[in-house]
Amino acid sequence: MDDYKFLFKVVLVGNAGVGKTCLVRRFTQGLFPPGQGATIGVDFMIKTVEIDNEKIKLQIWDTAGQERFRSITQSYYRSAHALILVYDISCQPTFDCLPDWLREIEEYASSKVLRVLVGNKIDRDDREIPTRVGEDFAQRHNMYYLETSAKESDNVEKLFNQIAAELMEQARCKELPRYDDGNLQNMNRRTTSVDVTCCGN
Ligand SMILES: Nc1nc2c(ncn2[C@@H]2O[C@H](COP(=O)(O)OP(=O)(O)OP(=O)(O)O)[C@@H](O)[C@H]2O)c(=O)[nH]1
């Protein structure tokens, strides 16, 4: 029996190879897939989480980073409740492309979408983008910020659970709650609500 109270759509975007598929697989299946091939078009997975005794179903859309799939992936932005923009902390070009991704998001996503910037692969010792630089970028663009490792499972549960909690709170209160545990940094209060699919209504 599919007894969830909320259904939220979360879409991951970002350059090819930054680890979007690995983040999704880590969260939904608890594994770090070996020899992960590039995503073709769009893929999706489901996971139900429980927050404050409420079941929240997350429909997680994993988009291809490769340019040639861009027209397909753009069509998935519109219905997203949250967008996770991923870069690789050990690969400067993936960070340099963030403004291009933001332009895409602005053009194709809802203005109400919850936007989260994620610096992935923090297990690597060849970091090129300091945490502070990622945080600054997120703050300037009104995004949450979190660093993760899909490989080591660092902050992956936290990323999706915080998004679920935040969206649920927005859906309930029609505005952002006070956010004081510091888990997702650079929080800027938003006063918008999201259109939420809620099976209880
Ligand atoms: N060290 C390390 N490697 C990672 C991590 N996440 C992903 N990778 C590696 O990065 C490569 C690309 O991972 P994917 O998850 O396929 O990247 P993607 O963003 O989905 O790529 P596209 O599907 O082409 O858009 C793979 O070789 C992964 O093993 C991580 O947290 N740490």
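How each quantity is defined
Residues numbered from 1 in each chain as written. Predicted model: local features only at pLDDT ≥ 70, side-chain atom pairs only at ≥ 80, totals over all residues. Helix = DSSP H or I, 4+ residues; strand = E, 2+ residues; numbered from the N terminus. Buried ≥ 20, exposed ≤ 12 C-beta atoms within 10 Å, placed from the backbone. Contact = placed C-beta atoms within 7 Å. Near = placed C-beta within 6 Å. Nonpolar A, V, L, I, M, F, W, Y, C, P; charged D, E, K, R; others polar. Core = buried A, V, L, I, M, F, W, Y, C linked by C-beta atoms within 7 Å. pLDDT = per-residue confidence, 0-100.

Okay, the overall build of the protein chain next. Summing up its helical and strand segments, the protein chain has six helices and seven strands in all. When its helices and strands are written in sequence order, the protein chain yields β-α-β-β-α-β-α-α-β-α-β-α-β. Across the 201 residues that make up the protein chain, the buried fraction comes to 41%. By sequence separation, contacts in the protein chain at least 24 residues apart represent 73% of the contacts at least 6 residues apart.

For the rest of this paragraph, the subject is the environment of Phe137. Here Phe137 shows up in helix 5 (residues 131–140). You can call Phe137 buried: it has 21 C-beta atoms within 10 Å. Residues Phe137 and Phe95, 42 residues apart in the sequence, show an inter-C-alpha distance of 9.7 Å.

For the ligand, the set of nearby residues contains 20 residues, the closest of which are Gly19, Thr21, Ala38, Thr39 and Gly65. Looking at the shell around the ligand, its residues break down into six nonpolar, nine polar and five charged.

A few words on the nonpolar core. Among the nonpolar cores identified, the biggest contains 49 residues, and Val10, Ala82, Leu83 and Val116 are the most heavily contacted of them. For this core, the element with the most residues is helix 6 (residues 156–173), which contributes seven residues. In this view, Ala82 contacts Phe8, Val10, Val113, Leu114, Val116, Ile163 and Leu167; residues no more than four positions away in its chain are not counted.

As a further point, take the confidence of the model for the protein chain. Per-residue pLDDT for the protein chain averages 86, and the proportion of residues at 70 or more is 86%. In this model, residues 176–201 is a region of pLDDT below 50 whose contacts with residues beyond four sequence positions or in other chains number 45 contacts. Scoring of the predicted complex yields 0.87 for pTM and 0.99 for ipTM.

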